[in-house]
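Residue-level structural notes
Take a look at the letters that make up each chain.
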Amino acid sequence: MRRSLLLTFAAALALSPMAAAQTPPQAPDYAAVLASDIRPAEDRARDAARHTAETLAFAGVQPGWKVADMIMGGGYFTRILSAAVGPEGHVTAWQPAEFIAFEPSYGEALGAADVLANVDAIRSPIREPAFPEGLDLVFTAQNYHDLHLEPFPDDTAARVNAAVFRALKPGGYYMIIDHEAEEGADLSVADTLHRIDWTRVIEEVESAGFVLDSRGGALERPDDPRTANVFDPSIRGKTSQFMLRFRKPG
């Protein structure tokens, strides 16, 4: 299924005139973005392993864009996006209220993000993200699988994807990075392994009205068997991750 799905997508993208029309403009200087003084040294130390420059290029982030960092965690990508969109752009950093209740440091990270001049930090229940409308990009890294955690209702992912669709302007992008599960793995691995099958993500997001625009391979690790919990010391920091970029038609 994985190979056939990828080949079908590649063929459709090659034939589609919209694919060329929606190619992001020439990339800005992402090396300068990573060197921004709003980023602490511990962030910069993680850039090589996380292929951050390649990730920004794949997202196509431009100065002046309006973006949302969906489930911002500790704020690593919030700070990067803030530097990338610059003073004319804007970042909405969303932390689900349930995460803050579970881990107080997530609330502290939200407060720190809110201090940045071009960032608004928001919190709301996980099924009700309060994104502004007219966004160019909604970005989430290593968190999509959390929408399928056991404590949350079964329709959580569908509700969040619908909220993202409403928030994006026509032609806007929805980019998802997450830890890769085995092909065909059921959604229970979101709890047990903190992973998800990327083909399942495509099905869910396309059901919300999006079109798959591109798949990136910079974070893939063929040596990851995709069967260990991502926090297992044997694999932590070395998981295979997928990058998917979707587009809102229009």
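Above this text is the structure in question.
One structure accompanies this document, and this report is about it. Every value quoted in this text rests on a predicted model; they were computed, and no experiment measured them. Just so you know, the residues in each chain are numbered from 1, in the order the chain's sequence is written. Only residues with pLDDT of 70 or above have their local features reported here, since the model is predicted, and side-chain atom pairs are shown and tallied only from 80 upward, although totals for entire chains, interfaces and linings are computed over all residues. With hydrogens and water excluded, all non-hydrogen atoms of the structure serve as input to the side-chain values.

1. Comments concerning the packing of helix α6 (residues 52-59) against helix α7 (residues 76-85)
- Contact geometry of α6 with α7 gives a least axis separation of 12 Å together with a crossing angle of 60°. Between α6 and α7, the interaxial angle falls into the category oblique. The way α6 lies across α7 gives a crossing that is right-handed. Residues T52, T55 and L56 of α6 lie in contact with α7, whose contacting residues are Y76, F77 and I80. Fitted lines through C-alpha atoms give the axes, limited to the stretch in contact for helices. The angle between two N-to-C directions lies from 0 to 180 degrees. Secondary structure is summarised from DSSP: a helix means a run of H or I of at least four residues, a strand means a run of E of at least two, and numbering begins at the N terminus for each. Just so you know how the angles are binned, under 35 degrees is roughly parallel, over 145 roughly antiparallel, 65 to 115 roughly perpendicular, and the rest oblique. Left-handed describes a crossing whose near helix is turned anticlockwise from the far helix through less than a right angle; right-handed describes the clockwise counterpart. Here a residue-residue contact requires only that any non-hydrogen atoms of the pair lie within 4.5 Å.

2. Focus: the pattern of salt bridges
- One speaks of a salt bridge when a side-chain nitrogen belonging to Lys or Arg is within 4 Å of a carboxyl oxygen belonging to Asp or Glu. Throughout the structure, instances matching the rule amount to 11 salt bridges.
- Here R226 makes a salt bridge to E180, at a shortest N to O gap of 3.8 Å. In this pair, R226 is assigned in the loop between β6 (211-216) and β7 (241-247) and E180 in the loop between β5 (168-179) and α11 (189-192), connecting sequence segments 46 residues apart.
- We call a residue buried when its accessible area falls under 20% of the maximum for its residue type, exposed when it is over 50%, and partly exposed in between, using a 1.4 Å probe and counting protein chains only. Residue classification places R226 among the partly exposed residues on the basis of a relative accessible area of 24%.
- On the basis of relative accessible area, E180 is assigned to the buried category, the value being 6%.
- D224 serves as the salt-bridge partner of R195, at 2.9 Å between the closest nitrogen and oxygen. Taken together, the residues R195 in the loop between α11 and α12 (198-207) and D224 in the loop between β6 and β7 connect sequence positions 29 residues apart. Comparing R195 with D224 shows no difference in burial state: the two are buried.
- Each of D213, R245 and R247 takes part in a single network of salt bridges with overlapping partners.

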